[in-house]
Amino acid sequence: SRRSGGRPMKQRLLVVANRLPVSAVRRGEDSWSLEISAGGLVSALLGVKDVDAKWIGWAGVSVPDEVGQRALTKALAEKRCIPVFLDEEIVHQYYNGYCNNILWPLFHYLGLPQEDRLATTRSFQSQFDAYKRANQMFADVVNQHYQEGDVVWCHDYHLMFLPKCLKEYNSKMKVGWFLHTPFPSSEIHRTLPSRSELLRSVLAADLVGFHTYDYARHFVSACTRILGLEGTPEGVEDQGRLTRVAAFPIGIDSDRFKRALELPAVKEHINELTHRFAGRKDCEYLMMIIVILSETLSSKVMLGVDRLDMIKGIPQKILAFEKFLEENPSWRDKVVLLQIAVPTRTDVPEYQKLTSQVHEIVGRINGRFGTLTAVPIHHLDRSLDFHALCALYAVTDVALVTSLRDGMNLVSYEFVACQGSKKGVLILSEFAGAAQSLGAGALLVNPWNITEVAASIGYALNMSPDEREKRHRHNYAHVTTHTAQDWAETFVSELNDTVVEAQLRTRQ
Ligand code: ADQ
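Going along each chain's sequence as written, the residues are numbered from 1 onward. Where local features are concerned, this predicted model is filtered to residues with pLDDT of at least 70; where side-chain atom pairs are given and counted, the filter is 80 or more; whole-chain, interface and lining totals use all residues.

Looking now at the overall build of the chain. The way it works is that DSSP assigns letters per residue, a run of H or I at least four long becomes a helix, a run of E at least two long becomes a strand, and they are numbered from the N terminus. Scanning the chain for helices and strands turns up 20 helices and 19 strands. Taken over C-alpha atoms, the radius of gyration is set against a globule rule of 2.2 Å times the number of residues to the power 0.38. The C-alpha radius of gyration of the chain comes to 24 Å, within 12% of the 23 Å expected for a compact globule of 508 residues. Taking the principal axes of the C-alpha coordinates as reference, the chain spans close to 70 × 50 × 45 Å. Expressed as a percentage of the 508 residues in the chain, the buried residues total 45%. A residue pair is marked as a contact if its C-beta atoms, positioned from the backbone, fall within 7 Å. Long-range contacts, defined here as pairs at least 24 residues apart, represent 75% of the contacts in the chain between residues at least 6 apart. Every C-beta atom is placed from the backbone, and the number of other C-beta atoms within 10 Å of a residue's own sets its class: buried at 20 or more, exposed at 12 or fewer, partly exposed in between.

Written out as structure tokens, the structure reads:
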């Protein structure tokens, strides 16, 4: 490795993702205020040993003028971030169009858009052209900052064209690509008009990673069936060059949750939630939840926390809860479902439709089973701050994760990490990647089968303390030993090894 003044220098890691982990607000012509979003990915990557990480991505705002761009670049540099500037038209066609309207639903088995869904943007081909242009812009920025020996780690479905662009700049660049969503069956992928070009571009990377072995297998099948290449136990081979393909299940920074539960403010929140009294509150949303829970003193708490997205199966979850109430009148005033749904992609018509659909179902059920003083479902369209979220996870009896498809699903991990003392039950969709790691502790369900989910709710609420303890122990051990930091370290070290092995192979 490189040395500086006799000491080995840390390897530089360039993390390339569509969005930088910051929110940027313009305060004046040349001044910006930045807030780092402390997500799991950020702490995972900051925690990687012997690596010096920098982020490259879009800051989420349009900055047409040079003065603004220069000022933002300078402010971001202090946060170890490098911006890619995308204009509004590109964002519309690449991000709203190709990424969110085509790849996201397709990779979650929701199919390609019908003509009416394409009508809001231009044609499929022009969206794909914008996607490629945007990926090339990311590649230009990476190339400007790249130094020999750096590791470049590209993230997610937004940047499938990036590995190819990077290798065209420099075939020696160490390039890894990781997909956070599922990779669908090759029969689904082959419906995509740009199916081959995307696969070929991803294959330019040295290492390609997925959350589960199944997604990796689907990807290899797509390469063999659509491109006619050879799949090997190691990955995909094309004219003697191997692209390594493997599973790297992500985790969370479980210590961050454990530490949060020890903070006096969070302990106080937990106490307030447990005893259901409304004292001094510094968090408006938590206050609201405490008031909600105080209405139902002896209730069990069921919790759903999702982005409001069709893949999360929120309507199906609420319908299953309705069926449970229908069939179990004695539970009607003893259980409350709290569904926290953060609105995302609010300008997309499908998402607006989903919001009204959920509101309508919740209204109907509350009308049916509510009383003058209490309703069975509380649906909040908002995000919760980290400490309130931890407190809520900690007091929950049953968490309901009913994604129709989900790459992994970190909410299920976060719930388990916060359940040290309560040992609540996790009801988990078998179509979430997490089912493969938490399956032995969770109650697995098919979210489309409302009868089955309703029965699982009953089973979870009546579960014996012994069974709860046993199931929780399994999941807790997994969540606290397979952390986000391990995930990132394993991927980076595997990428380094893959490149060394490839060099050895070409020398032989
Ligand atoms: P997401 O689809 O965003 O991620 P998930 O893995 O559950 O799904 O992560 C969501 C994150 O947002 C969690 O950290 C959660 O705490 C937070 N969050 C969700 N709702 C919230 C709310 N109402 N208030 C506050 N915070 C909230 C994508 C893929 C997943 C994959 C991850 C990581 O779709 O399948 O697990 O990337 O690879």
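The next point concerns the confidence of the model for the chain. The predicted model of the chain has a mean per-residue pLDDT of 90, with 91% of residues at 70 or higher. Both scores are available for the predicted complex, with the pTM at 0.94 and the ipTM at 0.98. The quantity called pLDDT is the predictor's confidence in a given residue, expressed from 0 to 100.

Right, let's talk about the sheet that holds strand β3 (residues 11-19) for a bit. Here, strands pair whenever DSSP counts at least two bridges between them. Here nine strands make up an open sheet; going across it, the order is β7-β6-β3-β8-β9-β10-β13-β12-β11 and the pairing mixed. Strands with a single pairing partner mark the edges of an open sheet, and in this sheet they are β7 (81-83) and β11 (230-231). An axis is simply a line fitted to the C-alpha atoms; with a helix, the fit covers only the stretch in contact. Between two such axes, the angle follows the N-to-C directions and lies from 0 to 180 degrees. The strands touched by helix α9 (residues 213-227) are β10 (207-210), β11, β12 (235-238) and β13 (241-247); relative to β13, the strand with the most contacts, the crossing angle is about 150°.

This part is about the site of the ligand. Near the ligand there are 19 residues, and of these His180, Ser383, Gly407, Met408 and Leu410 occur at the shortest range. Listing elements by their share of the shell around the ligand, those giving two or more residues are β14 (300-308), β15 (335-343) and α16 (410-417). Broken down by class, the residue content of the shell around the ligand amounts to nine nonpolar, six polar and four charged. We call a residue near a molecule or strand when the C-beta position, derived from backbone atoms, sits within 6 Å of it. Charged residues are taken to be Asp, Glu, Lys and Arg, nonpolar residues to be Ala, Val, Leu, Ile, Met, Phe, Trp, Tyr, Cys and Pro, and polar residues to be all remaining types, Gly included.

A few words on the sheet that holds β14. Spatially, the six strands line up as an open sheet ordered β16-β15-β14-β17-β18-β19, and their pairing is parallel. Strands at the two margins of the open sheet, each flanked by one partner only, are β16 (377-380) and β19 (443-445). The mean inter-strand angle of the sheet, taken between neighbouring strand axes irrespective of direction, is 20°. Two strands pair when backbone bridges link them, and strand β17 (residues 398-401) and strand β18 (residues 425-429) are joined in this way by four bridges, in the parallel orientation. Counted as the bridge partner of valine 401 is leucine 428 from β18. Contacting β14, β15, β17, β18 and β19, helix α18 (residues 450-461) crosses the sheet at an angle of about 170° to β19.

Moving on to the pairing of strand β6 (residues 51-58). Sheet topology note: the β3/β6 ladder contains seven bridges and is parallel. Considered in β6, the bridge of valine 16 is made with isoleucine 56. Sheet topology note: the β6/β7 ladder contains three bridges and is parallel. Its bridge partner being in β7, isoleucine 56 is matched across the sheet by isoleucine 82.

What follows is about the pairing of strand β9 (residues 174-178). Two faces belong to every sheet, and in a regular strand the side chains alternate between them. Of all five residues in β9, five are buried, a share of seventy percent or more. Two strands pair when backbone bridges link them, and strand β8 (residues 151-155) and β9 are joined in this way by five bridges, in the parallel orientation. Counted as the bridge partner of cysteine 154 is tryptophan 177 from β9. Handedness of a crossover is defined as follows: orient the strands so they point away from the viewer, and if the path from the first strand over the helix to the second runs clockwise, the crossover is right-handed. Regarding the hand of the β-α-β motif, the stretch spanning β8, helix α6 (residues 162-169) and β9 is right-handed. Relative to β10, β9 is paired through three bridges, and the arrangement is parallel. The residue bridging phenylalanine 178 from the neighbouring strand is glycine 209, located in β10.

Here we come to α9. Each helix should span, by expectation, one fewer than its residue count multiplied by 1.5 Å. Taking 1.5 Å of rise per residue, 15 residues should cover 21 Å, and α9 covers 21 Å from first to last C-alpha, within 8% of that figure. Those residues of α9 that fall on the buried side of the exposure criterion are Tyr215, Ala216, His218, Phe219, Val220, Ala222 and Cys223. Contacts from the buried residues of α9 go to α7 (186-189), α8 (195-203), β10, β11, β12 and β13. Residue glycine 228 follows α9 closely and has a positive phi angle near 70°.

Once that is clear, we can look at helix α5 (residues 124-145). Between its first and last C-alpha, α5 extends 32 Å over 22 residues, near the 32 Å set by a 1.5 Å rise per residue. Among all positions of α5, only Gln127, Phe128, Ala130, Tyr131, Lys132, Ala134, Asn135, Phe138, Ala139 and Val142 are buried. On its buried face, α5 is in contact with β3, β6, α3 (88-107), β8 and α6.

This brings us to the packing of α3 against α5. The interhelical angle for the contact between α3 and α5, taken along N-to-C directions, is 110°, at an axis separation of 8 Å. Viewed along their axes, α3 and α5 adopt a mutual orientation that is roughly perpendicular. Across the interface between the two elements, Ile90, Gln93, Tyr94, Gly97, Tyr98 and Ile102 from α3 touch Ser126, Gln127, Phe128, Ala130, Tyr131, Arg133 and Ala134 from α5. Its residues assigned to classes, the contact of α3 with α5 comprises eight nonpolar, four polar and one charged. Should an angle lie under 35 degrees it is considered roughly parallel, over 145 roughly antiparallel, and from 65 to 115 roughly perpendicular; all remaining angles are considered oblique.

What follows concerns unusual backbone geometry. Even without a glycine there, the phi angle at glutamine 239 is positive, about 45°. When you line up the elements, glutamine 239 lands in the loop between β12 and β13. When the 6 C-beta atoms within 10 Å are taken as the criterion, glutamine 239 is described as exposed. Positioned with a positive phi, asparagine 409 is a non-glycine residue whose angle comes to about 95°. Take asparagine 409: it is sitting in the loop between β17 and α16. Residue asparagine 409 is classed as buried on the basis of its 24 C-beta neighbours within 10 Å.

Taken as a class, soluble globular proteins show a tendency for nonpolar side chains to be buried jointly. A set of buried Ala, Val, Leu, Ile, Met, Phe, Trp, Tyr and Cys residues, joined to one another through C-beta atoms within 7 Å, is what we call a nonpolar core. Ranked by size, the top nonpolar core spans 151 residues in total, and within it Val16, Val152, Phe219, Leu426 and Ile427 carry the most contacts. Not counting chain neighbours up to four residues away, the residues in contact with isoleucine 427 comprise Val398, Ala399, Leu400, Val401, Ala442, Leu443, Val445, Ser456, Ile457 and Ala460.

The topology assignment puts tryptophan 448 in the loop between β19 and α18. C-alpha of tryptophan 448 to C-alpha of asparagine 462: the two residues are 14 residues apart in sequence and 23 Å apart in space.

With their axes 10 Å apart at the nearest point, helix α10 (residues 254-262) and helix α15 (residues 386-395) run at an angle of 85° to one another. Looking at the two axes, α10 sits roughly perpendicular to α15. Of the residues in α15, those touching α10 at Phe257, Ala260 and Leu261 are Phe386, His387, Cys390 and Ala394. Residue classes in the contact of α10 with α15 are distributed as six nonpolar, one polar and no charged.

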